[in-house]
Every structure is written in C-alpha cells, then in structure tokens.
Amino acid sequence: MEYQNQQPVVPRRPAASPAPGPGRTVISETAVAKVAGIAARSVPGVYSLGSGPSRALGAIRDAVGSSDHASGVHAEVGETQVAVDITLVASYGTPLHALANDVRAAVYRAVEELVGLQVIEVNVEITDVYVPPPVKSTPSATTEREALL
C-alpha cells in the first residue's frame with residue numbers, strides 16, 4: 001500500500017543557502033547597487049541619489065530615455081556579505097537622521113530579501129538638501145487691466 005499525503009503541496013521558497021549540486025552563482029556589484037538604489041529612492045524624503053556631477057549625468061540620461069538606478073550607490077560584494085554606500089539629496093523639511101535610518105532599513109530589507117546576501121553595513125551620506133523654488137503667483141485679470149489703464 002502506498003502512502004498518500006492528504007496535505008496540500010505548497011511550493012517552498014528557495015533558501016538563501018547554496019542549492020545542492022554543481023555550479024555557482026555570482027551576483028555583481030552593479031546588480032546589488034541597483035537593488036539598493038531602487039530601495040533608497042522609494043523612501044519618502046529622498047529627492048535624488050548621487051552627488052552633483054552624477055545627478056547632472058543622470059538628468060542627461062533621463063532626457064534621452066535611459067536611467068541609472070545605481071547612481072549614487074556603491075556596493076562591495078563578497079561571497080556571502082555586502083556593504084553599501086549611498087549618497088543622496090534630501091527634500092527640505094525631512095528630518096535627516098530619520099531619513100538616513102529609513103533608507104538604511106529599506107536597503108537592508110531589499111538586499112537581504114532580493115539578493116540573498118547578508119548586509120553588514122549601509123553607509124548613508126546626505127550631501128545636499130533640495131529646496132523647491134518659490135511658487136510664482138499669477139497676477140489676476142483685474143491687476144493686468146489696471147496696469148494697462
């Protein structure tokens with residue numbers, strides 16, 4: 001007589017440990033940097049990533065329809081661990097220490113879940129604060145008409 005399992009079969013998520021059998025997996029620093037960059041950009045209060053020159057280059061890329069998700073992010077990848085450095089510009093009004101902590105947490109979570117490597121540190125450097133330009137008020141129609149008279 002054959003045993004039949006009455007429990008539904010639920011596929012298991014692959015573990016972070018190496019799969020049995022021959023072969024190896026190499027995850028590049030660029031791939032890790034992209035994952036970290038996307039995670040950092042998702043945090044409210046992050047205006048942009050990168051320093052002045054890298055943001056200027058990013059604006060040119062955006063104008064031609066390309067984007068660099070790893071801009072402002074540097075990752076050092078080992079066999080099982082990774083360290084990430086992020087340079088960012090904060091939006092004015094955002095508490096900077098809280099923003100750095102939120103970015104750090106988002107990057108830890110994304111890299112460990114999506115890449116499967118242990119994050120040993122995430123260094124956040126806030127190089128600037130973006131202050132939006134003042135809102136231009138449009139003159140009312142009566143003001144324009146009075147100026148003409």
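Before any of the text, the structure's been laid out above.
A brief report on the enclosed structure follows. Everything numeric in this text was worked out from a predicted model, so none of it was measured.

Turning to the side chain of T87, a few remarks are in order. Of note, T87 is situated in strand β3 (residues 81–91). Judged by its relative accessible area of 18%, T87 falls in the buried class. In contact with T87, not counting residues within four places along its chain, are L49, G50, S51, G72, E125 and T127.

This part covers a negative patch on the surface. Together, E29, E76, D85, E121 and E125 make up a negatively charged patch on the protein surface. Checked against the element boundaries, E29 lands in helix α1 (residues 29–41).

Right, let's talk about the packing of α1 against helix α3 (residues 96–115) for a bit. Two numbers describe how α1 lies on α3: the axes approach to 8 Å, and their chain directions differ by 135°. Compared by their axis directions, α1 and α3 come out oblique. Our pair here, α1 against α3, has a crossing hand that is right-handed. Each of V32, V35, A36, A39 and A40 in α1 lies in contact with α3, whose residues at this interface are V103, A106, V107, A110, V111, L114 and V115. Partitioned by chemical class, the residues of the contact of α1 with α3 number 12 nonpolar, no polar and no charged.

Rules used throughout
Residues numbered from 1 in each chain as written. Predicted model: local features only at pLDDT ≥ 70, side-chain atom pairs only at ≥ 80, totals over all residues. Heavy atoms only, no water. Helix = DSSP H or I, 4+ residues; strand = E, 2+ residues; numbered from the N terminus. Buried < 20%, exposed > 50% of the residue type's maximum accessible area, 1.4 Å probe, protein only. Contact = heavy atoms within 4.5 Å. Patch = residues over 30% accessible without salt bridge, like charges linked within 9 Å, V, L, I, M, F, W, Y side chains within 5 Å. Areas by Shrake-Rupley, 256 points an atom, 1.4 Å probe, with all protein chains shown as cover. Salt bridge = Lys/Arg side-chain N within 4 Å of Asp/Glu carboxyl O. Lys, Arg positive; Asp, Glu negative; His and termini not counted. Charge placed at Lys NZ, Arg CZ, Asp CG, Glu CD. Axes fitted to C-alpha atoms, helices over the stretch in contact; angles between N-to-C directions. Parallel < 35°, antiparallel > 145°, perpendicular 65-115°, else oblique. Left-handed = near helix turned anticlockwise from the far one by under 90°. Nonpolar A, V, L, I, M, F, W, Y, C, P; charged D, E, K, R; others polar.

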